[in-house]
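Here are the chains, one letter per residue:
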Amino acid sequence: MSYISCKNVYLRYENISVVEDLSFNVEAGDYLCIVGENGSGKSTLVKSILGLKETASGHLHLGDGVTGKNIGYLPQQTTAQMDFPASVYEVVLSGCIGRKGTSIFFSKEQRKSAEENMKKLDILSLKKKYVLKGVQYDS
């Protein structure tokens, strides 16, 4: 069974159709990359996959035990967030927030997982870089 199954999905944003007749499956080992112009429905699709927004029609299903908590999602920055610097490591580590439970700290395993994923992506050298208003700064 697919991790994500999307069949003939239509999405609307503020009564405007942004995605029409979208179908795809995400299987074990697949990567999903959502690209498109501003206003093309990328964020609306991600919110629908996470169950934060309903589809206008069609079927969108998470399978094989996948829930919104298994999917890392970092929303687009708001104006308030643009002046709050975060390191690349902190952004990657934020993908574990859904698995933190009630603890205010990340576990040793979660910190190790973040570093391992940075190694896989060949971005470990950026670990201590900070992002502020879209510009990288050294720590």
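Structure shown above.
Residues numbered from 1 in each chain as written. Predicted model: local features only at pLDDT ≥ 70, side-chain atom pairs only at ≥ 80, totals over all residues. Heavy atoms only, no water.

Student: Is there a simple way to think about the overall build of the protein chain in this case?
Tutor: Summing up its helical and strand segments, the protein chain has 3 helices and 6 strands in all. The secondary structure elements of the protein chain, listed N-terminal to C-terminal, are β-β-α-β-β-α-α-β-β. Counting over 139 residues, the protein chain shows a buried share of 19%. In the protein chain, 49% of the contacts between residues at least 6 apart in sequence involve partners at least 24 apart. On the protein chain, roughly 10200 Å² of surface is accessible, and the fraction owed to carbon and sulfur atoms is 53%. (Helix = DSSP H or I, 4+ residues; strand = E, 2+ residues; numbered from the N terminus. Buried < 20%, exposed > 50% of the residue type's maximum accessible area, 1.4 Å probe, protein only. Contact = heavy atoms within 4.5 Å. Areas by Shrake-Rupley, 256 points an atom, 1.4 Å probe, with all protein chains shown as cover.)

Student: Looking at this structure, I do not really get the sheet that holds strand β2 (residues 16-26). What am I missing?
Tutor: Backbone-to-backbone hydrogen bonds pair the strands of a sheet. The strands run either parallel or antiparallel. Ordered in space as β2-β1-β3, the 3 strands form an open sheet in which the pairing is antiparallel. Two strands bound the open sheet, and with one partner strand each, they are β2 and β3 (57-62). Looking at each pair of strands side by side, their axes are set apart by 30 degrees on average, direction ignored. In this sheet, β3 lies alongside strand β1 (residues 4-13) in antiparallel orientation, the contact comprising 5 bridges. Its bridge partner being in β3, Lys7 is matched across the sheet by His59. Most of the contacts of helix α1 (residues 42-49) go to β1, to which it runs at about 125 degrees, and overall it touches β1, β2 and β3. (Pairing = 2+ DSSP bridges. Axes fitted to C-alpha atoms, helices over the stretch in contact; angles between N-to-C directions.)

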